[in-house]
Structures are given as C-alpha cells and as structure tokens.
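# Coordinate analysis (summary)
Take a look at the letters that make up each chain.
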Amino acid sequence: MKNPYVPAPAKIERIVTETEDRNIKSFDLSFMNKANEEDFRFVPGQFAEISISGKGEAPFGIASSPTEKGFLKFSVNKAGVVTTALHNLEEGEIVGVRGPLGNCYPIGALENKNVVIVSGGFAFTTLRSLTRYMLHEENRARFKDITVIYGARTPGLLLYKDELDAWRERDDLDLHVTIDSAAEGWKGKVGFVPTITQEVAPSSEDAFALVCGPPIMIKFTIPILQKLGFLSERIILSLEMRMKCGIGMCGRCNIGSQYVCKDGPVFTLGELSELPGEY
Amino acid sequence: MSLLADLTGSCQVLAPVRNGDSLVFDEIRARDEIHLSECNTRKSVKEIFFPQRERLFAYRGQETREPSFPDEERVLFGVRPCDARSLCLLDPVFDGDDFKDPYYCSRRRNTTVVSIGCNRPMRTCFCTDTGGDPFSLEGTDVLLIDMGETYFVRPITKKGENLLAGRPGFEKAEQDQIRRKGEIIEKAHQSIHSGLNLERIKKELDKDFDNPLWDILHEKCLGCGVCTFLCPTCHCFDILDEGDSRKGERIRIWDSCMFPLFTLHASGTNPRPSGKERMRQRVLHKFTYFVDNHSRVACTGCGRCIRACPVNLDIREVLEALQNPE
C-alpha cells in the first residue's frame with residue numbers, strides 16, 4: 001500500500017522572483033529519485049503539497065506543463081508559515097513534494113473547441129500550465145482558437161513576463177494582457193479583467209471558458225461570460241481552499257459534499273451552483 | 001468469563017477499564033481489570049484505530065522514515081454496538097476507493113471486534129434513530145449479550161469464528177436462555193428514545209442551506225469542540241511538524257470543524273467565519289453530505305456529544321427543530 005502522506009524529496013533548481021513587490025517567487029523543482037519523477041504524472045489543473053521539514057506542508061497548483069520535462073514549477077505567494085519558509089530557501093536546497101493531487105482541467109472536452117482563458121493576479125498558475133500545454137507543438141492542432149485574457153494590478157505584478165512577451169509574438173494565440181490603471185511605459189490594455197473580457201468579447205460558439213482569479217474578479221467576470229452566451233457547463237473554475245491531507249480525509253476543504261482537494265479543485269459553474277455558497 | 005481469560009493469555013486485548021471516574025479503552029492483562037458496566041466509555045473506539053496524536057513519519061532533513069505497520073493480532077473487547085458501527089462509517093473515509101490511509105487500515109485489519117449488546121440503553125442513547133440497534137451486528141466480529149450469570153456469544157464474521165475456534169468454556173444455549181435473550185432485547189428496544197426521521201431531516205436540510213433556524217440553533221454553542229473529539233465518527237485532523245529543519249516528525253492530531261482556524265486561509269479569508277457556519281457544517285456533514293457520499297448518516301446515536309456538552313446542547317433537539325420547522 002502506497003503511503004499517501006510521505007513526500008518525495010525534490011531539489012530547488014531555479015528560483016525566479018516574479019513580481020516587483022517580491023511577494024511571488026517561482027520555484028522549479030526536480031525530483032531526487034528517478035522513480036518519483038516517473039510516478040508523478042499530472043494533467044494541467046492538478047496541485048501538489050510542498051513540504052519543508054519543521055514547517056509543514058501547503059498546497060500549490062502546478063504551474064508547469066506536463067510537456068515541460070525534468071522539473072515542476074510552483075509560483076508561491078508569500079502569505080503564511082510554509083510560503084514564507086519557502087521564500088527563504090535558496091537554489092540547491094531540498095523540499096518535499098506530495099502529489100499530483102486533485103482533479104484537472106477537462107482536456108478531453110476542450111479538444112476541437114475554442115478555449116478562452118480569463119485570469120487575474122497570481123491565480124494564473126495552473127492556467128499557465130494549461131496554456132503552455134495547448135501551445136505545445138504536439139498538442140496545438142487538437143485545439144481551435146485560444147484566447148488568453150490576463151490581468152494584474154500593475155505591470156510589476158504580472159507573472160511570467162518573459163513568457164507573455166514570447167506569447168505576444170505568436171499568431172496561434174490571442175493574448176490580452178491588462179493592468180488595473182494606467183502606468184508609465186505600459187503599452188498594453190488598461191482596465192479590470194471583467195471589463196477587458198467584455199471588450200474582447202470572445203465568442204461562446206463552440207467554446208469553453210476557464211476562469212481563475214481573485215473572488216472579486218470571478219464575481220464580475222461570470223455574468224459577462226454568461227451574457228456572451230457561455231453555458232454554466234462550459235464555464236470552468238478552479239477553487240482554493242485551506243487544505244491539509246489533500247486526499248479527502250482531514251475534512252476542512254469541503255463545499256457541501258464535495259472536497260475541493262479530491263473532487264476539485266476544478267469545477268464547472270454548473271456544478272458549483274448545486275453546492276452551498278460556502279467558499 | 002473464561003473466554004476473556006483465554007484471550008488475554010494469547011494476544012493483546014483492549015477493553016474498557018476504569019480511569020478516574022470514567023471508562024476508557026486500554027490494554028488489559030487479566031480478566032478482572034475489565035469493566036463491562038452498562039455505561040459506555042468516555043471516548044469512543046475511534047482512537048484505537050485513529051489515535052488523537054499519531055506520527056506519520058520521522059524525518060532527518062528531507063529523509064523520511066515511516067513507522068512500521070504492525071501485524072500483531074489484537075482484540076477489542078467489550079465494544080458497544082454503536083461504536084462497532086462507527087467503524088463501518090470510518091471505513092469509507094480512511095479505506096476509500098481513491099486513497100487508503102495505511103495507519104488506519106493496518107489497525108483495522110489486525111483488530112477483532114468483540115461487542116457487547118446494551119441491555120439498558122442510557123437516556124442519551126438514540127442509536128435506533130440512526131439505523132443502529134442496541135444489539136446491532138454491524139462492525140462486530142463477535143457479539144456478546146449479558147445474560148446475568150452467563151454470556152450469550154455469537155460469532156458474526158469469519159474473523160469472529162476464527163477468534164472463538166478452539167477456545168474453552170462454551171455451551172450450546174438452551175431454549176429457555178434463548179427466550180430470555182429475546183426478552184432482554186425487547187426490553188432494551190422499549191427503553192430507547194426514538195422520534196427522529198432522518199430522511200425527512202435530510203430533505204429539510206437539503207432544501208434550505210440558509211435556513212434562518214441556524215441563527216437561533218447555534219447561539220448556545222460555545223464552539224469548544226468536545227462533541228467532535230468524543231464523536232465516534234468525527235474524523236477531522238490536522239497535519240503538522242514537530243521539530244526543526246534537521247530532525248523531527250510529521251504528526252497528525254485530531255482537529256475540529258468547530259474551531260475558527262480550521263478553515264482559515266493564509267490570505268485571511270474564512271469560508272466559515274462564525275459559530276453559525278461551523279455548527280451548520282457539523283450537522284450538515286453528518287446528516288446530508290455524508291449521506292450523499294456514503295449513503296448513510298455519520299452518526300451512531302451514541303449520545304456522547306449530548307452527555308459531554310457543557311451547555312447541554314442536545315443534537316436530538318437540534319435535529320427535531322430542523323425536522324419540524326413550523
């Protein structure tokens with residue numbers, strides 16, 4: 001019987017400070033043991049528990065794509081005990097990784113469909129994984145038009161800036177990057193994510209929308225997507241909740257009868273509307 | 001009880017023993033240490049399978065060392081049928097289709113459960129309302145019934161048969177004894193509280209998450225969490241590290257949905273910010289969410305939460321209020 005509580009050791013290969021407030025860093029981790037690396041097969045949307053001995057564990061969405069081999073990327077906002085400890089680590093140090101956990105984005109359903117990604121702030125992580133996955137040369141043909149609307153409060157708070165620059169050059173991706181209010185030197189869009197979504201007005205025909213961001217962004221984006229004709233079954237969200245075990249036992253991350261760690265974190269708007277609004 | 005004497009000589013036996021003014025399950029070495037009075041143990045048997053504090057593994061740096069999972073047989077003796085049933089409710093949580101908790105599963109595998117029927121249920125007992133019975137066989141490997149001068153012994157499972165095989169001191173029950181056993185069972189049934197309709201309660205609970213009754217029902221609750229700790233089916237836990245970065249252990253300890261920190265995000269968001277949401281969660285989890293997931297209520301009617309509550313909050317009254325909203 002595999003013990004689901006024991007993490008696999010992984011080395012921090014690379015640390016990138018993503019935001020100018022230095023609150024978000026990305027960590028590229030590689031497993032110390034080949035067997036652990038081979039066991040860890042994931043799909044965009046899943047998460048893992050990262051542990052630091054003496055500090056404990058915390059769950060993070062996997063920001064890298066399965067098509068990126070040899071490492072796992074996690075973008076971590078410094079907020080609590082574990083994330084602060086993580087931020088204090090250096091390249092070459094060892095952490096524990098437990099996963100992959102949770103369900104994933106419905107890749108199969110997205111095939112041969114237009115995909116609209118709407119994201120804000122540091123919630124972009126697993127959607128970056130999905131975008132990267134769909135853009136991979138072996139996968140791109142399986143999906144129709146891909147639209148990405150991504151925003152942050154200021155240019156300095158955007159994640160993956162180099163990658164966004166590279167994506168701008170692509171003609172197989174419709175990218176809209178926005179910031180909340182005008183800033184010097186910023187040439188992109190200005191406005192809140194819901195407003196920009198309305199402006200871009202992606203067609204709902206033969207399309208799925210995937211939304212992840214702060215609650216306030218989700219609250220105002222959903223009605224716009226619905227007005228554009230997206231059905232509840234085709235609006236897909238990824239939720240956050242305080243978690244410990246990650247395997248549906250410890251009891252804290254439920255919304256009604258569903259455990260975000262095991263039955264989620266990915267839910268359709270239709271599924272969520274059946275659950276109590278306790279999140 | 002020659003069976004007990006024989007068992008203590010051959011394997012580890014855990015049974016109710018006196019500890020101060022309450023009964024607890026502990027290892028016994030001689031038959032006279034056991035206390036099979038009419039009253040149930042203060043804590044339920046869940047801690048035998050899911051201890052209040054448990055080491056998941058020890059670590060040195062990032063190197064982890066799992067504890068060994070012992071396969072030594074042990075007997076849990078003198079369990080009340082409600083507690084035996086509770087194991088059938090914990091099984092789908094810890095021994096699920098997707099994930100198996102090796103700590104719980106190994107203990108469950110190695111333990112034979114010998115239950116004793118309740119001839120005189122307490123006033124706080126309501127097992128029959130929750131699908132149980134003072135003589136329920138669920139989760140039980142061997143059932144005992146106290147006949148006064150002797151015990152009626154019935155093996156229920158293969159495990160139970162194996163436990164009894166070759167043990168001394170059994171005689172076939174006589175007609176008169178069987179009749180008397182029937183009377184004991186009948187009397188116990190008559191004395192037990194009944195009046196809850198759990199199907200109807202579930203319907204009411206499913207109907208209105210924002211039922212204004214919750215505003216009143218939760219008011220008395222202090223949020224002390226004693227109900228969750230004593231409950232045989234509550235299984236929430238926390239995982240944390242004891243030690244420093246070089247050396248220590250990762251442990252799990254019981255936690256409670258009644259505590260405000262239980263669901264508090266690092267961002268400061270709390271989906272269950274007040275006692276109202278927390279009490280609603282506890283009741284809904286037991287009487288609707290668990291039913292949705294596992295087709296039965298997560299309550300055995302043992303009554304511990306009623307007996308231990310410092311403000312006399314009676315779960316039966318809460319359920320009755322929800323069942324009859326007018």
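Note that this is a predicted model, so its numbers are computed, not measured.

So, about the overall build of chain B. Along chain B, the regular secondary structure elements total 12 helices and 10 strands. Its C-alpha atoms give chain B a radius of gyration of 21 Å, near enough to 20 Å, the size a compact globule of 326 residues would have. Across its three principal axes, chain B shows a C-alpha extent of roughly 65 × 60 × 40 Å. The buried share among the 326 residues of chain B stands at 41%. Counting only contacts in chain B whose residues sit at least 6 apart along the sequence, the fraction spanning at least 24 positions is 69%.

This next bit is on the overall build of chain A. Counting secondary structure elements, chain A contains 8 helices and 15 strands. Expected size for 279 residues packed as a compact globule is a radius of gyration near 19 Å; at 18 Å, chain A falls within 12% of this value. In terms of overall dimensions, chain A has a C-alpha envelope of 50 × 45 × 35 Å along the principal axes. The burial tally for chain A puts 49% of its 279 residues in the buried class.

With 32 residues of chain A at the interface, the matching set in chain B holds 40 residues. Sorting the residues of the side of chain A that touches chain B by element identifies β4 (56-61) and β6 (94-101) of chain A as the ones contributing at least two each. Class assignment for the residues of the side of chain A that touches chain B results in 13 nonpolar, 12 polar and 7 charged.

Turning to the sheet that holds strand β11 (residues 207-212) of chain A, a few remarks are in order. Taken in spatial order, the 7 strands of this open sheet run β10-β9-β8-β7-β11-β12-β15 (chain A), and their pairing is mixed. Two strands lie at the open edges of the sheet, namely β10 (189-190) and β15 (266-268) of chain A, each paired on one side alone.

Residue and element names in this part refer to chain A. For strand β8 (residues 146-152), the buried fraction is high: 6 of the 7 residues fall into the buried class. For the handedness criterion, the β-α-β arrangement of strand β7 (residues 114-120), helix α4 (residues 125-135) and β8 is classed as right-handed. Judged from the 6 bridges that link them, β8 and strand β9 (residues 174-179) form a sheet pairing that is parallel. Its bridge partner lying in β9, A152 is registered against I179. Read as a crossover between parallel neighbours, the route from β8 over helix α5 (residues 161-168) to β9 is right-handed.

Here we come to the sheet that holds strand β10 (residues 247-254) of chain B. Residue and element names in this part refer to chain B. In spatial order, the strands read β4-β3-β10-β9; together these 4 strands make up an open sheet with antiparallel pairing. Looking at the sheet topology across the chains shown, the edges are occupied by β4 (63-65) and β9 (237-243). Across the sheet, the axes of successive neighbouring strands diverge by a mean angle of 25 degrees, strand direction being ignored. One ladder, built from 7 bridges, connects β9 with β10; its direction is antiparallel. Bridged to D241 within β10 is R250.

Turning our attention to the domain arrangement of chain A. Residue and element names in this part refer to chain A. In terms of domains, chain A is made up of domain 1 (8-101), domain 2 (107-238) and domain 3 (240-279). Tallying the contact residues gives 6 residues for domain 1 and 6 residues for domain 3. For the side of domain 1 that touches domain 3, the secondary-structure elements that each account for two or more residues are β3 (47-52) and β6. For the side of domain 1 that touches domain 3, a count of residues per class yields 3 nonpolar, 1 polar and 2 charged.

For the rest of this paragraph, the subject is the domain arrangement of chain B. All names here are of chain B. With domains assigned, chain B is organised as domain 1 (2-191) and domain 2 (198-323). Once you take the C-alpha centre of each, domain 1 and domain 2 turn out to be 25 Å apart. On the side of domain 2, 29 residues touch domain 1, which itself brings 33 residues to the contact. Elements with a contribution of two residues or more to the side of domain 1 that touches domain 2: β3 (53-60) and α3 (81-94). Among the residues making up the side of domain 1 that touches domain 2, the classes are represented as 15 nonpolar, 9 polar and 9 charged.

The subject of this paragraph is the packing of helix α7 (residues 198-207) of chain B against helix α10 (residues 275-294) of chain B. Packed helix pairs are specified by the crossing angle of their axes together with the interaxial distance, meaning the distance between the axes. Residue and element names in this part refer to chain B. For the pair α7 and α10, interaxial distance at closest approach is 10 Å and the crossing angle is 90 degrees. Classified by the angle between their axes, α7 and α10 sit roughly perpendicular to one another. Contacts between α7 and α10 involve L198, I201, K202, L205 and D206 on the former and, on the latter, L284, F287, T288 and V291. Residue composition of the contact of α7 with α10, grouped by class: 6 nonpolar, 1 polar and 2 charged.

A word on the environment of R80 of chain B. Residues and elements named next belong to chain B. In this fold, R80 is placed in the loop between β5 (74-79) and α3. Judged by C-beta crowding, with 28 C-beta atoms within 10 Å, R80 ranks as buried. Separated by 29 residues in the primary sequence, R80 and P51 place their C-alpha atoms 19 Å from one another. Filtering out sequence-adjacent residues up to four positions away, R80 remains in contact with N40, S115, I116 and C118.

Before going further, it helps to examine the environment of V17 of chain B. All names here are of chain B. As for its position among the elements, V17 is in strand β1 (residues 12-19). Along the backbone, V17 and E27 are 10 residues apart, and their C-alpha atoms lie at a distance of 8.5 Å. Ignoring any residue separated from it by four or fewer positions in sequence, one finds V17 in contact with L23, V24, D26, I28, E33, I34 and H35.

One finds F74, A209, L210, I235 and L237 of chain A to be the most contacted residues of the largest nonpolar core, which totals 157 residues. Beyond its immediate stretch of four places on either side in the chain, F74 of chain A contacts S26, F27, L29, I50, F60, I62 and A63 of chain A.

Two faces, one strand: in a regular strand the side chains alternate between the faces of the sheet. All names here are of chain A. Most of β3 sits inside the fold, with 6 of its 6 residues counted as buried. Alternating positions in β3 separate into two faces, F47, E49 and S51 on one and A48, I50 and I52 on the other, with burial throughout. Bridge count for β3 against β4 is 6 bridges, and the pairing is antiparallel. Paired with I52 across the strands is G56, a residue of β4.

The rules behind these values
- Each chain has its residues counted from 1, following the order in which its sequence is written.
- In the order they appear in the text, chains get letters beginning with A and ligands get numbers beginning with 1.
- Local features in this predicted model are restricted to residues of pLDDT 70 or higher, and side-chain atom pairs are both shown and tallied only at a pLDDT of 80 or more, whereas totals for entire chains, interfaces and linings draw on every residue.
- A run of H or I in DSSP counts as a helix once it spans at least four residues, and a run of E counts as a strand once it spans at least two, with each numbered from the N terminus.
- Radius of gyration means the value over C-alpha atoms here, while the globule rule gives 2.2 Å times the residue count to the 0.38 power.
- Buried residues are those with 20 or more other C-beta atoms within 10 Å of their own C-beta, exposed residues have 12 or fewer, and partly exposed residues lie in between; C-beta atoms are placed from the backbone.
- Contacts here follow a simple rule: the backbone-placed C-beta atoms of the two residues must lie within 7 Å.
- Polar here means any residue other than Ala, Val, Leu, Ile, Met, Phe, Trp, Tyr, Cys and Pro, which are nonpolar, and Asp, Glu, Lys and Arg, which are charged; Gly is therefore polar.
- Here, strands pair whenever DSSP counts at least two bridges between them.
- Looking down the strands as they point away from the viewer, one classifies a crossover as right-handed if the path from the first strand across the helix to the second runs clockwise.
- As a rule, the C-alpha atoms of each element are fitted with a line to give its axis, helices using only the stretch in contact, and angles between N-to-C directions run from 0 to 180 degrees.
- The domain boundaries here were taken from an automatic or database domain assignment.
- Here the angle decides the label: under 35 degrees means roughly parallel, over 145 means roughly antiparallel, 65 to 115 means roughly perpendicular, and every other value means oblique.
- Residues of type Ala, Val, Leu, Ile, Met, Phe, Trp, Tyr and Cys that are buried and joined through C-beta atoms within 7 Å form what is called a nonpolar core.

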